[in-house]
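Observations on the three-dimensional arrangement
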Amino acid sequence: MSYADQRMSSGRITAIVIVALLHALLGYAFITGLAYNVVKQVAADLKTFDVTEEAPPPEEPPPPPPQQEAPPPPVVSPPPIVRTNVAPPIVQTVHVAPPVIITPTAPPAPPAPPAPPPPPKKIETARAKANLASYVSNDDYPPSAIRAEEQGTTAFRLDVGPDGRVTNCTVTSSSGSAALDQATCRLMQRRARFTPAKDADGNPTTDSVSNRIKWVLPKD
């Protein structure tokens, strides 16, 4: 039962109680002889008594509904990426010419000296005044070669000057013994004599002569 219904029932009960009391008073008045005054008084009271039920108090406003948690904001997805067929940018390649490397050139070589004049043409070659082997004897055998029992043949070439003397000796084939080869050139340069060669004008000129000496160990 609501609060308004309870107030209305209380008013009705009060009115009933008052009416019952008035009946009791009327009965008592008739009994005691005061009925006229009582009736008159009751009539006056009835005129002033307002049995109108009190207006029910205004209903209390209903309690506010429970606050609901605000839903999270909707997730806004990013707008789709629209791919357009865009032509790639044109890249222009600049071809740079390679640097020119200048290599310093060597200074020109000095001119070659003039070639020596060709030797005069010989019409006569140099001739030994004796057999070259005769310039060597057993007494010329090197003692070191004798002790080492070395022997062999030494081939040589002699350069002969315009005066017929040996100016140089070159061993062209070794005997196998340095002592024998050295003795050969030493003896030829000291002892050998030549008739010099002659050129086309009959003048003495240079020449070369090749020969060999066989060295044999002397017998005791």
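Remember, it's a predicted structure, so these values are computed and weren't measured experimentally.

Looking now at the overall build of the protein chain. Broken down by element type, the protein chain carries four helices and eight strands. Ordering the α and β elements of the protein chain from the N terminus gives α-α-β-β-α-β-β-α-β-β-β-β. In the protein chain, which comprises 220 residues, the share counted as buried stands at 19%. Long-range pairs, those at least 24 residues apart, make up 70% of the contacts in the protein chain between residues at least 6 apart in sequence. Total accessible area on the protein chain is roughly 18,100 Å²; 60% of this is exposed by carbon and sulfur atoms.

Once that is clear, we can look at the packing of aromatic side chains. In total, this model carries one aromatic pair according to the counting rule given. Plain terms: the ring middles of Y141 and W215 are 5.4 Å apart, the flat faces sit at 85° to each other, and that makes the pair edge-to-face. With Y141 in the loop between β2 (127-128) and α3 (143-147) and W215 in strand β8 (residues 207-215), this pair connects stretches of sequence that are 74 residues apart. Residue Y141 shares its accessibility class with W215, and that shared class is buried.

This paragraph deals with helix α4 (residues 178-191). Since the α-helix advances by 3.6 residues per turn, residues separated by three or four positions end up pointing in the same direction. If you check α4, its first and last C-alpha atoms are 20 Å apart, about what 14 residues at 1.5 Å a residue would give, namely 20 Å. Of the positions making up α4, those classed as buried are L180, D181, A183, T184, C185, L187 and M188. Against the buried residues of α4 lie α3, β3 (152-160), β4 (166-173) and β8.

Before going further, it helps to spend a moment on the nonpolar core. With 21 residues, the main nonpolar core has L132, F156, L158, M188, A192, F194 and W215 as its most contacted residues. Elements that contribute at least two residues to this core include exactly β3, β4, α4 and β8. A per-element tally of this core places α4 first, with five residues. Once residues lying within four places of it in the same chain are set aside, the contact partners of F194 are A126, R127, A128, K129, L132, L158, V160, G164, V166 and V209.

In this section: the pattern of salt bridges. Per the counting criterion, the structure on display carries one salt bridge. Of the charged contacts in the structure, one is a salt bridge between R191 and D140, with a shortest N-O distance of 2.7 Å. One end of the pair, R191, is in helix α4; the other, D140, is in the loop between β2 and α3, with 51 residues separating them in the sequence.

As summarised here, the arrangement of the three strands in space is β4-β3-β8, forming an open sheet in which the pairing is antiparallel. In this open sheet, the two edge strands, each paired with only one partner strand, are β4 and β8. For this sheet, the mean angle separating the axes of adjacent strands, direction not counted, is 25°. Two elements, β3 and β8, share nine bridges in a ladder whose sense is antiparallel. Directly across from A155, in β8, lies its bridge partner R212. Against the sheet, α4 touches β3, β4 and β8, its axis set at about 155° to β4.

Another point: unusual backbone geometry. Glycine aside, a negative phi is what most residues show, and trans is what most peptide bonds show. Positive phi outside glycine occurs at E149, with the angle close to 55°. Turning to its location among the elements, E149 is positioned in the loop between α3 and β3. You can call E149 exposed: its relative accessible area is 61%.

The predicted model of the protein chain has a mean per-residue pLDDT of 78, with 61% of residues at 70 or higher. In this model, residues 48-52 is a region of pLDDT below 50 whose contacts with residues beyond four sequence positions or in other chains number one contact.

What counts and how
- Here the residue index of a chain counts from 1 through its sequence in written order.
- Totals for whole chains, interfaces and linings use all residues, but because this is a predicted model, local features are given only for residues with pLDDT of at least 70 and pairs of side-chain atoms are given and counted only at 80 or more.
- The side-chain quantities take in all heavy atoms of the structure and omit both hydrogens and water.
- Put simply, DSSP marks the helices as runs of H or I at least four residues long and the strands as runs of E at least two long, and each gets a number from the N terminus on.
- Relative accessible area decides the class of each residue, using a 1.4 Å probe on protein chains only: under 20% of the type maximum gives buried, over 50% gives exposed, and in between gives partly exposed.
- Contact between two residues is taken to exist if any of their heavy atoms lie within 4.5 Å; hydrogens are not considered.
- To be clear on the numbers: accessible area is Shrake-Rupley with a 1.4 Å probe, and residue cover counts the displayed protein chains and nothing else.
- Planes of paired rings set the category: under 30 degrees apart is stacked, over 60 is edge-to-face and the rest tilted, where pairs are Phe, Tyr or Trp rings (Trp by its six-membered ring) whose centres lie within 6.5 Å.
- Helix span, expected: 1.5 Å multiplied by one less than the number of residues in the helix.
- Put simply, a nonpolar core is a bunch of buried Ala, Val, Leu, Ile, Met, Phe, Trp, Tyr and Cys residues held in one set by side-chain atoms that sit within 4.5 Å of each other.
- A pair is scored as a salt bridge if a Lys or Arg side-chain nitrogen falls within 4 Å of a carboxyl oxygen belonging to Asp or Glu.
- Two strands pair if DSSP finds at least two bridges between them.
- In this analysis an axis means a line fitted to C-alpha atoms, helices contributing only their contacting stretch, and an angle means the value between N-to-C directions, from 0 to 180 degrees.
- Every residue is assigned a pLDDT by the predictor, reflecting its confidence on a scale from 0 to 100.

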